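Reading the structure
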Amino acid sequence: MNLTPDEQKLITEFRRLPGEVQQELLDYAAFLQKRLNSTDEERAKTCNQCPAPHHPEERPEAKKEPIFTE
């Protein structure tokens, strides 16, 4: 197999990684490959979904004094 110097360097660096990191990278590569090869029908299921917000929404009414009940 003829590899470019960049490809050889990637393989060498990959082999130096700990086992769990290698597995994580392989799992992610498999996920990306599966997503790339997914059918149009599978893509249609997720194209109309929006991502969840990364931070909680600020509410001005929550900044007031706390309510204590007995």
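See the structure printed just above.
Heads up: these notes are all about the structure in this document.

What counts as what
Residues numbered from 1 in each chain as written. Predicted model: local features only at pLDDT ≥ 70, side-chain atom pairs only at ≥ 80, totals over all residues. Heavy atoms only, no water. Helix = DSSP H or I, 4+ residues; strand = E, 2+ residues; numbered from the N terminus. Buried < 20%, exposed > 50% of the residue type's maximum accessible area, 1.4 Å probe, protein only. Areas by Shrake-Rupley, 256 points an atom, 1.4 Å probe, with all protein chains shown as cover. Salt bridge = Lys/Arg side-chain N within 4 Å of Asp/Glu carboxyl O.

**Describing the overall build of the protein**
A tally of regular secondary structure across the protein gives three helices and zero strands. When the elements of the protein are put in sequence order from the N terminus, they spell out α-α-α. For the protein, with 70 residues in total, the buried portion stands at 1%. For the protein, the accessible surface area stands at approximately 7,600 Å², while carbon and sulfur atoms represent 55% of it.

**Overview of the pattern of salt bridges**
For the structure on display, the rule yields one salt bridge. As a salt-bridge pair, R16 and E13 come within 3.2 Å of each other at their nearest N and O atoms. Of this pair, R16 and E13 both sit in helix α1 (residues 5-16), three residues apart, roughly one helical turn.

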